[in-house]
Amino acid sequence: MTKKKNFLVLFTKIAIIAAVVLFVGVLKTTATEAKSLREGKTYSYDLNGDGKKEKIKYTTSVNENKVITRATLYINGKKKTSVKCKDSFSAWLYMTDIRKKDKYKELYLSFTWSSDCFTRGYGYRYKSGSLKKIFTHVDRKSVRNSILNTQANNGTVSFSEEYSGSEYLGQGFVVKKYNIKNKKLVPVRQQVYNTTGLWKKSPYHASTLIKVQKSVTDDTELFEISSGTTFYVYKIRLASKSSDVRSTDITHIYIKTSSGKKGWIEVPYYHFYTGNYSYEYLWG
């Protein structure tokens, strides 16, 4: 085999390995999502807390172009709702628990368009034999989002939403909260967002000496991390409260080092780390 052919074989193997690694990374971003129910499969869960398990199944209809046009939800073999959609890329059914203090578990039917960026979803609660719609969620921003399994248990609804607004931190997913008002989801204005999924688990490595402080308002030095220290980003703090996490700059991040130390870092306007979410890693 010639040197040129050897190179091509090696290059192909490397490309395949890189693609697999990237795909696994994408899958990890869904680790904190609510339980996903597969289309056409029947599941048994107690939705209303009466001690009896309901049988849950959903199906979809497609047109001649294999585009989803309708999703139908069945409970105990009876059709409870059928939602018409227009040119949907995919449809997913999730089960979550918005408020653990009550006896109910909620179902969330989600549709996506244009790759996986534009979403519309419907939240349901099964009560007294009827499936009641408790909210509609419409997100037209070019971000990926999904309902979370772990909820705040105070009536708000939490989603994992993509954040990609900082060239100094890369991109990842944060927990975004919504209030239910008049059967619609209204985003909560937050200044501090928790990271989630792959972002929370991905290591950064300090590339310079960094001061870690007590809080955002108290710059008392707790400790320093030296170049090469591994840390993880648990929270981001914006310059001001906003319901759109991408609308303003990040001023501080809350970190945890590999040795367990925690504190806030004021984000400098230059790359202060290397690691999975540096632009050099993502884009070469």
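Keep in mind that what you see is a predicted model, and the values were worked out from it rather than measured.

## Thoughts on the sheet that holds strand β4 (residues 68-75)
As summarised here, the arrangement of the 4 strands in space is β2-β3-β4-β5, forming an open sheet in which the pairing is antiparallel. Every interior strand has two partners, whereas the edge strands, β2 (43-45) and β5 (78-88), have only one. Ignoring which end each strand starts from, the neighbouring axes of this sheet average 25° apart. Here β4 pairs with β5 via 7 bridges, running antiparallel. If you follow I75 over to β5, its bridge partner there is K78.

## Here's the deal with the packing of aromatic side chains
Following the criterion strictly, the structure yields 9 aromatic pairs and no others. Where F272 meets Y273, the ring centres are 5.1 Å apart and the plane angle is 75°; that geometry is what we call edge-to-face. For the pair shown, F272 and Y273 are each scored as buried. Taken together, the ring pairs in this structure connect Y108, F135, F159 and Y178 into an aromatic cluster. The ring of Y254 carries the charged tip of K235 above its face, separated from the ring centre by 5.3 Å. Its guanidinium or amino end placed over the ring of F223, K261 lies 5.2 Å from that ring's centre, counting from NZ or CZ.

## Brief notes about the pattern of salt bridges
Tallying each qualifying case throughout the model produces 2 salt bridges. One salt bridge in this structure joins K176 and E161, with 3.5 Å as the shortest N-O distance. With K176 in strand β12 (residues 170-181) and E161 in strand β11 (residues 157-166), the pair connects residues that are 15 residues apart, well separated along the chain. Given the relative accessible area of 2%, K176 is considered buried.

## A word on unusual backbone geometry
Its identity as a non-glycine residue notwithstanding, K66 has a phi of 65°, on the positive side. Tracing the backbone through its elements, the reader meets K66 in the loop between β3 (54-62) and β4. Positive phi values are uncommon outside glycine, yet N182 reaches one of about 50°. You can see N182 is positioned in the loop between β12 and β13 (184-187).

## What about the side chain of T60?
By the element assignment, T60 lies in strand β3. A polar atom in the side chain of T60 sits 2.6 Å from the side chain of E39. In contact with T60, not counting residues within four places along its chain, are E39, I68, R70, A71 and A91.

## A look at the pairing of strand β19 (residues 250-257)
Counting buried positions along β19 yields 7 of 8 residues, so the element is predominantly enclosed. Where strand β18 (residues 230-242) lies against β19, 7 bridges are found, and the strand directions are antiparallel. Its bridge partner being in β19, R237 is matched across the sheet by H252. Two elements, β19 and strand β20 (residues 262-266), share 5 bridges in a ladder whose sense is antiparallel. Its bridge partner lying in β20, K256 is registered against K262. Where β19 hands over to β20, the hairpin turn is made up of 4 residues, of which G260 adopts a positive phi near 100°.

## What about the side chain of T229?
For T229, the position within the fold is in the loop between β17 (221-225) and β18. One polar contact links the side chain of T229 to the main-chain carbonyl oxygen of S226, over a distance of 2.8 Å. Excluding residues that lie within four positions of it along the chain, T229 makes contacts with Y204, H205 and A206.

Cut-offs and rules
- Residues numbered from 1 in each chain as written.
- Predicted model: local features only at pLDDT ≥ 70, side-chain atom pairs only at ≥ 80, totals over all residues.
- Heavy atoms only, no water.
- Pairing = 2+ DSSP bridges.
- Helix = DSSP H or I, 4+ residues; strand = E, 2+ residues; numbered from the N terminus.
- Axes fitted to C-alpha atoms, helices over the stretch in contact; angles between N-to-C directions.
- Phe/Tyr/Trp six-rings, centres within 6.5 Å; stacked < 30°, edge-to-face > 60°.
- Buried < 20%, exposed > 50% of the residue type's maximum accessible area, 1.4 Å probe, protein only.
- Lys NZ or Arg CZ within 6 Å of the ring centre and 35° of its normal.
- Salt bridge = Lys/Arg side-chain N within 4 Å of Asp/Glu carboxyl O.
- Polar contact = N/O pair within 3.5 Å; in protein donor to acceptor, adjacent residues only side chain to side chain.
- Contact = heavy atoms within 4.5 Å.

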